[in-house]
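# A look at the structure
So the chains spell out like this:
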Amino acid sequence: MLGFGIALMRQRASVWALLCLVSLADMAPCSGAEDGELTTRWTVLHAPARRARGTSPLPENSVVKNLPELKFQGPEKGHPFLLGEFAADGDWCLVDGGIQLKEGKHAALRLANAVNFELEGSIAVKDFGGLFLLCGWNNPDAKGYCIQNIQLKQSDAPWYICEMEGTTAVSGTNQKFSQVEWKKLQPVKITVKEQKLTIQIGTAKLMNEESLANYGGGDIILGVHDTRYGPRPIRIESLRIRLPE
């Protein structure tokens, strides 16, 4: 797992210039991601650290937080690949400046708290396994949503979305909406605006203004979960958030 960061080091400089996702001019952090009051100005969740070397814990003042106590029931109990029973047992850390899993098979990161938001960054993935994004988590007065992606060895890479009520997926709502492989380092853009969801990975738009019925905002959580192939190795190179314009 730690070799993941080393394998990306040579790639990073040239790819970074091409992606142009987090310009140095925009890197003035603000408190919006922590206190839930986002503005149309970018809040940096994780900035690139090109000169960083070695492994270290996430800084105590980091906006992005480990969620070691997170538990929830996904839509497919007992499934070998799709989300079922989730109980965090992993830990995220910094490896050569990027955020990646240090240990464990189920792990999650709280990114921010928001209703409408535009989240974008540069994230690398490899191999096989499962990853997910929770939107509207921990809001007792509205529904949340879980988006998950599974990379299978048969080159099948389905994406699913399901409704969440509290800590439990709503039965019968898990739906496949795309089949796009996410390989290597890619620009990622996820927008929620007026109860509509848009997801773009690289040049592929997976979902365009998909309706999120009864969505009311809440925590935004990114995570990986165990599958027959283990969790999906991911690495966050950069990440930022703001209100949609």
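In the block above lies the structure referred to throughout.
Residues numbered from 1 in each chain as written. Predicted model: local features only at pLDDT ≥ 70, side-chain atom pairs only at ≥ 80, totals over all residues. Heavy atoms only, no water.

### Quick notes on the nonpolar core
How we decide: Remark: nonpolar core denotes a set of buried residues (Ala, Val, Leu, Ile, Met, Phe, Trp, Tyr, Cys) joined through side-chain atoms within 4.5 Å. Under the scheme applied here, a residue whose accessible area is under 20% of the maximum for its type counts as buried, over 50% as exposed, and between as partly exposed, the area being computed with a 1.4 Å probe on protein chains only. Only DSSP runs of H or I with at least four residues qualify as helices, and only runs of E with at least two residues qualify as strands; both kinds are numbered from the N terminus onward. Any two residues having at least one pair of non-hydrogen atoms within 4.5 Å are treated as being in contact.
Core analysis: the largest hydrophobic core is formed by 43 residues, its most contacted members being W92, L111, F117 and L197. Here this core takes five residues from strand β8 (residues 107-114), the largest share from any one element. Apart from the residues within four sequence positions on either side, W92 is in contact with L58, N66, I99, Q100, L101, K102, A107, A108, L109, G223, V224 and I234. Of all hydrophobic cores here, the second largest spans 14 residues; its members include L83, A108, F132 and A169.

### Quick word on empty space enclosed by the protein
To keep things clear, this is the line we draw: Using protein atoms alone on a 1 Å grid, points that fit a 1.4 Å probe yet trap it form a cavity, whereas open point sets bounded by protein on both sides within 12 Å along at least five of seven lines form a pocket; residues with an atom within 4 Å of a point count as lining. Grid points are joined across faces, edges and corners, and a volume is the space filled by probe spheres set on the points. Classes in brief: Ala, Val, Leu, Ile, Met, Phe, Trp, Tyr, Cys and Pro nonpolar; Asp, Glu, Lys and Arg charged; the others, Gly included, polar.
This structure, assessed with the given rule, holds two cavities of 30 Å³ or more. Size it by volume and the largest cavity reaches roughly 180 Å³. What lines the largest cavity is a set of 17 residues, among which L133, W182, V188, I190 and L222 lie closest to the centre. Every element with two or more residues in the lining of the largest cavity is listed here: β9 (117-125), β10 (129-137), β15 (184-192) and β16 (196-201). Top contributing element to the lining of the largest cavity by residue count: β9, with four residues. Its residues assigned to classes, the lining of the largest cavity shows 15 nonpolar, one polar and one charged.

### Points about the environment of T167
Within the secondary structure layout, T167 lies in the loop between β12 (158-165) and β13 (168-169). By relative accessible area, which is 43% here, T167 ends up partly exposed. Along the primary structure T167 and F86 are separated by 81 residues, whereas in three dimensions their C-alpha atoms are 10.0 Å apart. Setting aside chain neighbours within four positions, we find T167 in contact with K71, F72, Q73 and W137.

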